[in-house]
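# Residue-level structural notes
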Amino acid sequence: MPWFGLGTFKAAGEEVANAVTEALKIGYRSIDTAAVYGNEEEVGQSIAASGVARDSLFVTTKVWNEDQGYDKTLRAFEASRKKLGLDYIDLYLIHWPGVDKYKDTWRALERLYEEGSVRSIGVSNFQIHHLEELLKDSNTVPVLNQVELHPRLIQKDLRDYCVSHNIQIEAWAPLMKGRLQDNELLLGLAEKYGKTVSQVILRWELQNNIVIIPKSVTPSRIKENSEIFDFELSQDELDAISGLNTDERTGSHPDKFLF
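What this report covers is the structure whose coordinates are included nearby. Keep in mind the model is a prediction, meaning the values are calculated, not measured. (Residues numbered from 1 in each chain as written. Predicted model: local features only at pLDDT ≥ 70, side-chain atom pairs only at ≥ 80, totals over all residues. Heavy atoms only, no water.)

### A short note on the packing of helix 7 (residues 184-193) against helix 10 (residues 235-242)
- The N-to-C vectors of helix 7 and helix 10 enclose an angle of 150°; their axes lie 10 Å apart at closest approach. Judged by the angle between their axes, helix 7 and helix 10 are roughly antiparallel. Here the hand of the crossing between helix 7 and helix 10 comes out left-handed. Across the interface between the two elements, Leu 185, Leu 186, Leu 189, Lys 192 and Tyr 193 from helix 7 touch Glu 237, Ala 240 and Ile 241 from helix 10.
- A breakdown of the residues in the contact of helix 7 with helix 10 according to their chemical character gives six nonpolar, no polar and two charged. (Axes fitted to C-alpha atoms, helices over the stretch in contact; angles between N-to-C directions. Helix = DSSP H or I, 4+ residues; strand = E, 2+ residues; numbered from the N terminus. Parallel < 35°, antiparallel > 145°, perpendicular 65-115°, else oblique. Left-handed = near helix turned anticlockwise from the far one by under 90°. Contact = heavy atoms within 4.5 Å. Nonpolar A, V, L, I, M, F, W, Y, C, P; charged D, E, K, R; others polar.)

Written out as structure tokens, the structure is:
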């Protein structure tokens, strides 16, 4: 899986189609979508029209909350695969843990994995206790946990747990939805390296072994977000950015988003 990709949350229609087209054109090879985003069809059409070889791409989608459960998940997966126009999905995730359906949902994901319909399976927004409960009864360890993560929410305990269980962490809202653009520390580092605040944040995440999928539909920002491989932050700078943590979320807490 690439360390860097394009997120498509809250992007739809021609807007998301153009964003995926632009991203693939400049070298992105990982695209993240979800059933609830309502844009799988446009994402799939842009992938098909790009001319990029399928085995060079990494496509992620997710099963939504109302489709959780063994049989419903299998049906939801087929709907997503059809909309994307793909023979297989590279990574299929449980979007949110909820209360008690995720174990049956996970059994469906394991079946899809065993059948070869998906190349890898994982989860999203799972806390440590969700992962512990899942691992009690599953045959497969999730390869990845996609969670909200940025300098104000570094999720250190969760990251340590996932590392100890060989579960890759991926960040959604890696730029905190633009809320860190006026931070003095980040502005200073941006000036030092001749980069933007967004590029500094994304670099901090990369150097902490976090997969990132920044979302943008603006061509210049799609390009800007990808230009983070030509500089390196020092350990002191990485620690300083981590020190910005306040456990602040832009989205729901998984333990309160219940269904």
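### Side note on helix 4 (residues 102-115)
- The terminal C-alpha atoms of helix 4 lie 20 Å apart, and with 14 residues this matches the ideal 20 Å at 1.5 Å per residue to within 8%.
- Along helix 4, the residues classified as buried are Tyr 102, Thr 105, Trp 106, Ala 108, Leu 109, Glu 110 and Leu 112.
- Against strand 3 (58-63), helix 3 (70-84), strand 4 (91-94), strand 5 (121-124) and helix 5 (128-137) lie the buried residues of helix 4.
- Following helix 4 by one or two positions, Gly 116 adopts a phi angle in the positive range, close to 90°. (Expected span 1.5 Å × (residues − 1). Buried < 20%, exposed > 50% of the residue type's maximum accessible area, 1.4 Å probe, protein only.)

### Some details on unusual backbone geometry
- Of note, Gln 155 is a non-glycine position whose phi angle comes to about 50°, a positive value.
- Mapping Gln 155 onto the fold places it in the loop between strand 6 (144-148) and helix 6 (156-164).
- Positive phi values are uncommon outside glycine, yet Asp 247 reaches one of about 60°.
- Overall, Asp 247 belongs to the exposed group, its relative accessible area being 55%.

### Section: the pattern of salt bridges
- On inspection of all chains with the given rule, the structure shows 13 salt bridges.
- Lys 25 is the salt-bridge partner of Glu 22, the closest N and O atoms lying 3.8 Å from each other. Here Lys 25 and Glu 22 lie together in helix 1 (residues 13-26), a separation of three residues that amounts to about one turn.
- Measuring nitrogen to oxygen at the nearest pair gives 2.8 Å for the salt bridge that ties Asp 160 to Lys 156. Pair noted here: Asp 160 and Lys 156 are both in helix 6, with a separation of four residues, about one helical turn.
- Asp 160 sits in the partly exposed class, given a relative accessible area of 38%. (Salt bridge = Lys/Arg side-chain N within 4 Å of Asp/Glu carboxyl O.)

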